[in-house]
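# Examination of the molecular architecture
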Amino acid sequence: MEIEGLKGKTAELARELQKEKLPRHVAVIMDGNGRWAKKRGLPRVKGHEKGAKTLRKVVELSAKLGIQYLTAFAFSKENWERPREEIEFLMDLLRRYLKNEIPTLIKNDIKLEVAGDLEELPEDLQEKIKDAIRKTSAGKRLDFILAINYGGRAEILRAAKGMAQEGIFSQESFRKHLYLPHVPDPDLLIRTSGEIRISNFLLWQIAYTELYFTPVLWPDFNEREYIKALLDYQRRERRFGRV
Ligand code: IPE
Ligand code: IPE
Ligand code: MG
């Protein structure tokens, strides 16, 4: 594929991508910010700051490629166990990210959505999130989903409760009670930083997702690394239990 704005080796790699074989939904566990900072003798939060810039690049390239859904794990339910200062920094980074990104999201025809329990977030942040969702709701090119205060088990429990209330016990009924029922399961899940685990992300949805693990730390992940992951995905044979 010929993607505007890409140069050199990255553009060359992008030429190997086959449009018709791109994943419809890419999910990312953005991990390794703290280690990236530590390696440079910087406080962990500097890694989060750089990580936010990486996310912007990944969102923009996803839109250019024509990927329809991108889900990024920004804050897990378990992340509340971190030091208070780091949590506060992350919440503030989210505030800043939303403020800075809204115009770009609108310009690029991207719709923002959120998966997770928002009511446990600081109230002003909840408002900012709702505002960003409202302002970008006309976006048609890419559905950009931020998983915030998200946990896969919590989502499963929530869906099970919803299903029980409805009194219909089926996979279709369960699906209707997920945070974002209209979003198809991810085709590709990328985790950076060399950890080979799921860390309570999208447990129900990844039943048949292709997994891609890279040692690259999230702040160092770039267009080229993203395209490498997509090329790897295109070489996979998905069978869904069939022969
Ligand atoms: C991922 O980076 C970002 C969040 C979990 C918010 P980490 O902060 O987990 O970085 P490492 O894994 O400690 O390097
Ligand atoms: C997963 O990363 C959560 C996010 C990227 C937001 P963690 O760093 O929290 O996961 P563990 O603790 O290494 O499993
Ligand atoms: Mg981590």
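Residues numbered from 1 in each chain as written. Chains lettered and ligands numbered in written order. Predicted model: local features only at pLDDT ≥ 70, side-chain atom pairs only at ≥ 80, totals over all residues. Heavy atoms only, no water.

### Observations regarding the site of ligand 2
Neighbouring ligand 2 are the residues Ile29, Met30, Asp31, Phe73, Ala74, Phe75, Asn79, Arg82, Arg191, Arg197 and Ser199. Separating an oxygen atom of ligand 2 from a side-chain N or O atom of Asn79 is a distance of 3.0 Å. Interatomic distance of 2.8 Å between a side-chain N/O atom of Arg197 and an oxygen atom of ligand 2. Protein contact buries 78% of the 390 Å² of open area that ligand 2 shows by itself. When atom positions are compared with the pocket grids, ligand 2 is found to occupy the largest pocket. Considering each element in turn, the shell around ligand 2 owes the most residues, three residues, to strand E2 (residues 69-76). Looking at the shell around ligand 2, its residues break down into five nonpolar, two polar and four charged. (Near = heavy atom within 4 Å. Polar contact = N/O pair within 3.5 Å; in protein donor to acceptor, adjacent residues only side chain to side chain. Areas by Shrake-Rupley, 256 points an atom, 1.4 Å probe, with all protein chains shown as cover. 1 Å grid on protein atoms, 1.4 Å probe; cavity = no way out; pocket = protein on both sides within 12 Å on 5 of 7 lines; lining within 4 Å. Sits in = over half its atoms within 2 Å of the grid points. Helix = DSSP H or I, 4+ residues; strand = E, 2+ residues; numbered from the N terminus. Nonpolar A, V, L, I, M, F, W, Y, C, P; charged D, E, K, R; others polar.)

### Let's talk about the pairing of strand E5 (residues 188-191)
A two-sided burial pattern is seen for E5, the buried positions comprising Leu188 and Ile190 on one face and Leu189 and Arg191 on the other. The sheet contact formed by strand E1 (residues 25-29) and E5 spans four bridges and is parallel. The partner of Ala27 across the bridge, within E5, is Leu189. (Buried < 20%, exposed > 50% of the residue type's maximum accessible area, 1.4 Å probe, protein only. Pairing = 2+ DSSP bridges.)

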